[in-house]
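Results of the structural survey
As a plain string of letters, each chain reads:
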Amino acid sequence: MMIAGLSHNAQWVLLGTLILGTAAGIVGCFAYWKRQSLMSDALSHASLPGVIIGFALVGSKNLPVMLAGAAAGALLGALLIHWIRSSSRIKEDAAMGIVLSVFFGFGIMLLTMVNRMAGAAQSGLDSFIFGQAASMVQRDVWLMSGLALLVLIVAVVAFKEWKLFLFDAAFAKGLGLSGRFMNALYLFCLVLVIVVGIQAVGVILMAALLITPAVSARYWTDSFGRMVILSAVFGGVSGASGTVLSAYGNGWPTGPFIVLSAAALFIVSLAFGTRKGVVVQAVQQRRLRKELTKPKTERRTAEGGNAV
Amino acid sequence: MTSVLQVEGLSASYRKNKVLDHATFTVKPGTLTAIVGPNGAGKSTLLKTILELHPALEGSVSFFGASYAKVKSRVGYVPQRGSVDWDFPTDALDVVLMGLYGRIGWLRRPGKKHRQQALQALREMGMEEYASRQISQLSGGQQQRVFLARALVMDADLYLLDEPLAGVDAATEKAIMATLNLLKSRGKTVLVVHHDLQTVEDYFDHVLLLNRTVVAHGPTAETFTESLVHRAYGGTLRWKGVTSG
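Note that this is a predicted model, so its numbers are computed, not measured.

For the rest of this paragraph, the subject is the overall build of chain A. When helices and strands are counted, chain A shows 14 helices and 0 strands. Taken from the N to the C terminus, the helices and strands of chain A come in the order α-α-α-α-α-α-α-α-α-α-α-α-α-α. Considering only C-alpha atoms, chain A reaches an extent of 95 × 55 × 35 Å along its principal axes. Here chain A holds 308 residues, and the buried ones make up 48% of them. The long-range share in chain A, meaning contacts at least 24 apart out of those at least 6 apart in sequence, stands at 73%.

With that settled, the discussion passes to the overall build of chain B. Across its full length, chain B holds 10 helices and 9 strands. What you see for chain B is a C-alpha radius of gyration of 18 Å, in line with the 18 Å of a compact globule of 245 residues. Here the C-alpha coordinates of chain B stretch approximately 55 × 40 × 40 Å along the principal axes.

The next point concerns the interface of chain A and chain B. When the parts come together, some accessible area is lost, and that loss is often what is quoted as the size of the interface. On the chain B side, the residues contacting the 19 residues of chain A number 18 residues. Mapped by element, the contributors of at least two residues to the side of chain A that touches chain B are α8 (159-167), α9 (169-174) and α12 (224-247) of chain A. Here the side of chain A that touches chain B is composed, by residue class, of 10 nonpolar, 4 polar and 5 charged.

This next bit is on the sheet that holds strand β4 (residues 58-63) of chain B. Residue and element names in this part refer to chain B. One open sheet accounts for 3 strands, arranged β2-β1-β4; its pairing is antiparallel. Only two strands of the sheet have a single neighbouring strand rather than two, namely β2 (17-27) and β4. Pairwise comparison of adjacent strand axes, ignoring direction, gives a mean angle of 25 degrees for this sheet. Sheet analysis places strand β1 (residues 5-14) next to β2, joined by 7 bridges and oriented antiparallel. Its bridge partner being in β2, Val-7 is matched across the sheet by Phe-25. Helix α1 (residues 43-50) rests against β1, β2 and β4 of the sheet, and its axis sits at about 65 degrees to β2.

The next thing to look at is the pairing of β1 of chain B. For a regular strand, side chains alternate in direction, first toward one face of the sheet and then toward the other. Residues and elements named next belong to chain B. Taking the residues that link successive antiparallel strands as the turn, the β1-β2 hairpin has 2 residues, and the phi of Arg-15 there is positive, at about 50 degrees. Where β1 meets β4, 5 bridges bridge the pair, whose relative direction is antiparallel. Paired with Glu-8 across the two strands is Ser-60, which belongs to β4.

Along an α-helix, a turn takes 3.6 residues, which lines up residues three or four apart on a common side. All names here are of chain B. In this model, helix α7 (residues 170-185) (16 residues) spans 22 Å end to end at C-alpha, consistent with the 22 Å of a helix rising 1.5 Å per residue. Every buried residue of α7 is accounted for by Thr-172, Ala-175, Ile-176, Thr-179, Leu-180 and Leu-183. Looking straight down α7, one finds that the buried residues subtend no more than 130 degrees of arc, so they occupy a single side. With respect to the buried face of α7, the exposed residues turned more than 90 degrees away are Ala-170, Ala-171, Lys-174, Leu-182 and Ser-185. Buried residues along α7 sit against β3 (32-36), α5 (112-124), α6 (140-152), β6 (158-162) and β7 (189-193). Of the residues one or two after α7, Gly-187 is the one with positive phi, at around 90 degrees.

Residue and element names in this part refer to chain A. Within helix α3 (residues 48-58), 8 of the 11 residues are buried, which leaves it mostly tucked inside the rest of the structure. Residues Leu-48, Pro-49, Gly-50, Val-51, Ile-52, Ile-53, Gly-54 and Phe-55 constitute the buried set of α3. Summarising the contacts, the buried residues of α3 are in contact with α2 (37-46), α4 (63-87), α5 (92-115), α6 (127-130) and α10 (179-201).

The next point concerns the packing of helix α1 (residues 8-33) of chain A against helix α11 (residues 206-218) of chain A. Residues and elements named next belong to chain A. Interaxial distance between α1 and α11 falls to 7 Å at its minimum, and their mutual angle equals 70 degrees. Here α11 runs roughly perpendicular to α1, going by the angle between their axes. Taken together, the residues of α11 that come into contact with α1 (itself represented by Gly-21, Ala-24, Gly-25, Val-27, Gly-28, Cys-29, Ala-31 and Tyr-32) are Leu-209, Leu-210, Ile-211, Pro-213, Ala-214, Val-215 and Ala-217. A breakdown of the residues in the contact of α1 with α11 according to their chemical character gives 12 nonpolar, 3 polar and no charged.

Moving on to the sheet that holds strand β5 (residues 75-78) of chain B. Residues and elements named next belong to chain B. Spatially, 6 strands are ordered β5-β6-β7-β3-β8-β9 in an open sheet, and the strand pairing comes out mixed. The open sheet has two free edges, formed respectively by β5 and β9 (213-219), since each of these has just one partner strand. The sheet shows a mean angle of 15 degrees between the axes of neighbouring strands, direction not considered. As defined by bridge partners, β5 adjoins β6 across 4 bridges and the pair is classed as parallel. In the sheet register, Val-78 faces β6, and the bridge partner there is Leu-161. Strands β3, β6, β7 and β8 (206-211) of the sheet are contacted by α1, whose axis makes an angle of about 140 degrees with β6. Packed on one face of the sheet, α7 meets β3, β6 and β7 and runs near 150 degrees to β7.

Further remarks concern the environment of Thr-189 of chain B. All names here are of chain B. Tracing the backbone shows Thr-189 in strand β7. Separated by 157 residues in sequence, Thr-189 and Leu-32 have C-alpha atoms that sit 6.2 Å apart. Once residues lying within four places of it in the same chain are set aside, the contact partners of Thr-189 are Val-4, Val-27, Pro-29, Gly-30, Thr-31, Asp-157 and Leu-158.

With 92% of its residues at a pLDDT of at least 70, chain A reaches an overall mean of 88. Scored below 50 in pLDDT, residues 302-308 of chain A shows 4 contacts in the model against residues more than four places distant or in partner chains.

This brings us to unusual backbone geometry. Residues and elements named next belong to chain B. Of note in this structure, Glu-52 is not a glycine but carries a positive phi near 60 degrees. For Glu-52, the location among the structural elements is in the loop between α1 and β4. Exposure remark for Glu-52: the 15 C-beta atoms within 10 Å place this residue in the partly exposed category.

Parameters at a glance
Residues numbered from 1 in each chain as written. Chains lettered and ligands numbered in written order. Predicted model: local features only at pLDDT ≥ 70, side-chain atom pairs only at ≥ 80, totals over all residues. Helix = DSSP H or I, 4+ residues; strand = E, 2+ residues; numbered from the N terminus. Buried ≥ 20, exposed ≤ 12 C-beta atoms within 10 Å, placed from the backbone. Contact = placed C-beta atoms within 7 Å. Rg over C-alpha atoms; globule rule 2.2 N^0.38 Å. Nonpolar A, V, L, I, M, F, W, Y, C, P; charged D, E, K, R; others polar. Pairing = 2+ DSSP bridges. Axes fitted to C-alpha atoms, helices over the stretch in contact; angles between N-to-C directions. Expected span 1.5 Å × (residues − 1). Arc of directions from axis to C-beta. Parallel < 35°, antiparallel > 145°, perpendicular 65-115°, else oblique. pLDDT = per-residue confidence, 0-100.

So this is what it looks like as structure tokens:
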């Protein structure tokens, strides 16, 4: 494999983005069926000011503090979206648009100010916008992988509950599965994946890693379980291959390559997906048309007096 | 006689509009009741508020003399077919299995026994051959039957159904009514939001006439009379927004 050409650190980074992509693929599936794909975009943008404030508070690049800041930003964004939607006539998509742009704009403003501070220029804060997996060190990878694994475990252990909640939340409530609890758990997983991913993928493109694998997986299967697994695989492959590709350039950002890998998988799925792929569907439709005309001719011959 | 469901002074609203105003009624065990009323009379809201899916402004609800939280497993709810996304990637059997999730226990996987039970429920709805069919590939009537099978498998004592006969074919209507009568004969209590005035007398032994509040409630022969139905329906036509109950 090409991985042999990577440095020791790059191999660690590769493992990190692989696990990150897997977790993002799974949570993305949940977001897809909650019809909240855009929510992930709003929340990842909303995490930027948190990252910068975290940096400014400590005065140096301290990843746990910055990630905590990112989580706080994303959660605040989610609360605001919820509040705007429930207390005004503004619909959810508009609320997400407002939160996304205001938080991101605020984040960029803070970033510009902080970058003028002494020592901040070398902090690599810019990498949180487009992602720079190469800037991660082994400790970062451990932290990221740990958090991503936590999301994985939550998804797998409560798989049956996720399915029920996503298909019919009202019925789930009747069975005693609290909608409030599941919504909180969902938001927890979503924010965790975003927080884990922004260093490698960047706040702008993080949503693509959440949305694209799930959409691609939908083209291959009619089973929710298989869709989640496939989405996890697609996410993992996108994360890993994007990292490898960006590692071959000097200072190339990782996010765009991860997203392009995911997009390539999407295009293949769109065309050749066995369930809903464009090509496959065309073939199926033609076969169906043939089958539909067949019994009619049989009937006609039967009516004509000939035994079939 | 003990009541299965007791609703007292229940009110609910959507934004500023009070869609349910002091609804009070008691459902006796073993009855098959139609909830009938004009559009916007609060029929679905009544069910949702009873089941705490919609917040109540005031009033109280008790099931079997207890609060809903204590007897959830004894109450089966069949939501309107349009309340879920039928494009969700799963098959008919899997949806029916969801009715057993409470009994299977959280975080546990359904076993062979549960699959047999779900299959049996599908069989009772005449849907056995569609067990492994994608739910998106089912007709509206078939989807409704799957929903009913999911409620059946819960083996509840009280069933609340929201417009189960809306937009279904004649065969499905027959199958659903046969099932509801079977439930009744087993001593279960069934409450159905119903829209077709033509069939009320044939299908139900009790009627609850609703127009934001309970206009009348009782045995079909006494309640489903021209003057009372007219009060439930005609009232809103003549005096918009003012209930006559």
